[in-house]
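Each chain, letter by letter, is given below.
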Amino acid sequence: MGKGRARPKRRAAAALGAGMLAAGALTACTSGNGTTVNIYYAPEDSFQSVVDNCNAQAAGRYHIVYNKLPRGADDQRQQLVRRLAAGDTGLDILGLDVTWVPEFAEAGWAEEWTGADKAAAEDGVLPGPLATATWNGRLYAATKNTNVQLLWYDDRITPKPPQTWDEMMDQAYALKAAGKPDAVLFTGAQYEGLVVIYNTLVASAGGHILSDDGKSVVMDEGAVRALEILKKVTTTGITDPSLTNSKEDQVRQAFQRGGGAFELNWPFVYASYAKEKPGDLPHFKWATYPSVIPGRPAKTTIGGYDLAVSSYSQHKPEAFEAALCLRSKENQKFSALKDGVPPTIESIYHDDSGLDPAKPVDPKGNPSMATAYPMRDSILAAVRDAAVRPLTPAYQSLSTVISKILSPPSDIDPQATANELRKQLTDALQSKGVIP
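Residues numbered from 1 in each chain as written. Predicted model: local features only at pLDDT ≥ 70, side-chain atom pairs only at ≥ 80, totals over all residues. Heavy atoms only, no water.

A. Layout of the overall build of the protein chain. The helix and strand inventory of the protein chain stands at 17 helices and 12 strands. Its C-alpha atoms give the protein chain principal-axis dimensions of about 70 × 60 × 35 Å. The burial tally for the protein chain puts 55% of its 436 residues in the buried class. Counting every atom, the protein chain has about 17500 Å² of accessible surface; 51% of that belongs to carbon and sulfur. Positive and negative charge centroids in the protein chain, built from 45 and 49 side chains respectively, lie 3 Å apart. (Helix = DSSP H or I, 4+ residues; strand = E, 2+ residues; numbered from the N terminus. Buried < 20%, exposed > 50% of the residue type's maximum accessible area, 1.4 Å probe, protein only. Areas by Shrake-Rupley, 256 points an atom, 1.4 Å probe, with all protein chains shown as cover. Lys, Arg positive; Asp, Glu negative; His and termini not counted. Charge placed at Lys NZ, Arg CZ, Asp CG, Glu CD.)

And the structure:
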């Protein structure tokens, strides 16, 4: 997400965070195991094991401490912004949602990656994820993991997945007429999930919301075409009645209950399905996202996290080294297999060895990319030709505006809605009427 701010608003944020400065500074000292490097990162079940591995490799030169941020993305960003606006030196490595890098770079909170550190951070990384770590042609973070949505379906209901949105809707109408599960399930609530769907449709239609430099609003024909699709799919009786309250897990649950024919969602749904409906798992299939233009693959919006080094860190050399270790090839593979976060380094997708290379591959005891990610080829294909959300320091503001104007999608009037988006997004870029 990530929202640009005028300087007076940053000073207000600094005042809000000033009470946290002293406490944060206390954690910036050295420990009995060498220099303490504090990473502030989202909750991830096995990430402490990654930290432990990197501490062992550091051999006492520094000691990484994992400070868990809140689970919600908005709460994560708020904590980081308040502390950095106050100049807190207790933050060394920052776990940033892929939409925040421009904001943190523009604010002067993220240190630029240069030289050997930059080369190591870029080595083997897929172009889409790498773009999320870049601002104005400079690298401000190292990619840790990526993510991309796929089309999920039950081959007993849909033997052949649709190739386009029009084909998916036609199949849904036919299923409805036959009295079978027919709904197209996706994240229609007023939040970032709706923005992701819209951004994917815009990019897949060859359109743009903002200019490539992020400085002006475009809202071209592709952006209008995306609005037309959202209007059609939500007003022709083929979406779930709870669409406007649906986030990722509600979509997952609806599909597992048999409430739909098509599910547009992230790969986490596979592990959930395997756990909760193992008997039906052989029929739970996937495909790349349906396209907008026949014959032209969809450009699916990517998610994920990047690791930045705080400009206020008092241990920058150690922080850069630690960040590189935390998102190394070995640790990205570990996190992918243990926590279900797809890697940003392409070669990992082709690695058929188990988590422990010395042991035979076993889906339960020694999983590999092949066993944990049977959909890895589809993920890789989507990430290779992915869409990135508009890169701008004002992204948080833009996201809020887009989700509000598009909700509920059934009320969209394509051309009028495009005009309203153009007006309000222009104001958001100029920080007009934006809540800090």
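B. Representation of the nonpolar core. Within the largest apolar cluster, 78 residues are counted, with the highest numbers of intra-cluster contacts made by Ile-39, Leu-80, Ile-93, Phe-104, Trp-113 and Leu-326. If near-sequence neighbours (up to four positions away) are discounted, Leu-326 is found in contact with Ile-39, Phe-47, Val-50, Val-51, Cys-54, Ile-64, Ile-93, Leu-307 and Asn-331. Formed by 46 residues, the second largest nonpolar core is a distinct cluster that contains Met-168, Ile-197, Leu-243 and Tyr-395. (Core = buried A, V, L, I, M, F, W, Y, C linked by side-chain atoms within 4.5 Å. Contact = heavy atoms within 4.5 Å.)

C. Examining helix H9 (residues 221–235) more closely. An ideal rise of 1.5 Å per residue puts 21 Å on 15 residues; H9 measures up with 21 Å between its terminal C-alpha atoms. The inward-facing, buried residues of H9 contact helix H7 (165–177), strand S9 (184–185), helix H8 (192–204), helix H16 (395–406) and helix H17 (414–429). A distance of 3.3 Å separates the backbone nitrogen of Gly-222 from a side-chain oxygen at the start of H9, and that oxygen is part of Asp-220. Two residues or fewer past H9, Gly-237 is found with a positive phi of approximately 80 degrees. (Expected span 1.5 Å × (residues − 1). Polar contact = N/O pair within 3.5 Å; in protein donor to acceptor, adjacent residues only side chain to side chain.)

D. Expanded view of the environment of Tyr-153. The residue Tyr-153 is located in strand S8 (residues 150–154) in this model. For Tyr-153, a relative accessible area of 7% translates into the label buried. Sequence separation of Tyr-153 and Ala-336 is 183 residues, and the distance between their C-alpha atoms is 23 Å.

E. A look at the pairing of strand S2 (residues 34–41). Across the 8 residues of S2, 7 count as buried, placing the element largely inside the fold. Once the chain exits S2 it traverses helix H2 (residues 47–58) before rejoining the sheet at strand S3 (residues 62–68), and the crossover so formed is right-handed. One ladder, built from 2 bridges, connects S2 with strand S4 (residues 93–97); its direction is parallel. Bridging from a neighbouring strand, Tyr-40 pairs with Leu-94 of S4. (Right-handed = clockwise from strand over helix to strand, strands pointing away. Pairing = 2+ DSSP bridges.)

F. Representation of unusual backbone geometry. The amide bond that connects Ser-407 to the next residue, Pro-408, takes the cis arrangement and shows omega of -5 degrees. Mapped onto the elements of the fold, Pro-408 is located in the loop between H16 and H17. Of note, the phi angle at Ala-59 is positive, near 50 degrees, even though the residue is not glycine. Looking at the secondary structure, you find Ala-59 in the loop between H2 and S3. Since its relative accessible area comes to 65%, Ala-59 is described here as exposed. Residue Asn-136 is not a glycine yet carries a positive backbone phi of 55 degrees. Looking at where Asn-136 falls in the secondary structure, it is placed in the loop between strand S5 (134–135) and strand S6 (138–139).

G. Spatial organisation of the pattern of salt bridges. Enumeration according to the criterion identifies 20 salt bridges in this entry. Of the charged contacts, one joins Glu-103 and Arg-77 as a salt bridge, the two residues approaching to 2.9 Å between their closest N and O atoms. Remark: Arg-77 occurs in helix H3 (residues 73–85) and Glu-103 occurs in helix H4 (residues 101–106); sequence separation between them is 26 residues. Take Glu-103 and Arg-77: they sit in the same class, and that class is buried. Across the pair Glu-276 and Arg-252 runs a salt bridge whose closest N-O atoms are separated by 3.2 Å. (Salt bridge = Lys/Arg side-chain N within 4 Å of Asp/Glu carboxyl O.)

H. Fine view of the sheet that holds strand S11 (residues 284–287). Spatial strand order, S9-S10-S8-S11: 4 strands in an open sheet with mixed pairing. Of all the strands in the sheet, the pair left with one neighbour each is S9 and S11. Judged from the 4 bridges that link them, S8 and S11 form a sheet pairing that is antiparallel. Looking across to S11, one finds that Asp-154 is bridged to Phe-284. Where helix H10 (residues 248–256) meets the sheet, its contacts fall on S8, S9, strand S10 (262–265) and S11, and the angle it forms with S10 comes to roughly 155 degrees. (Axes fitted to C-alpha atoms, helices over the stretch in contact; angles between N-to-C directions.)

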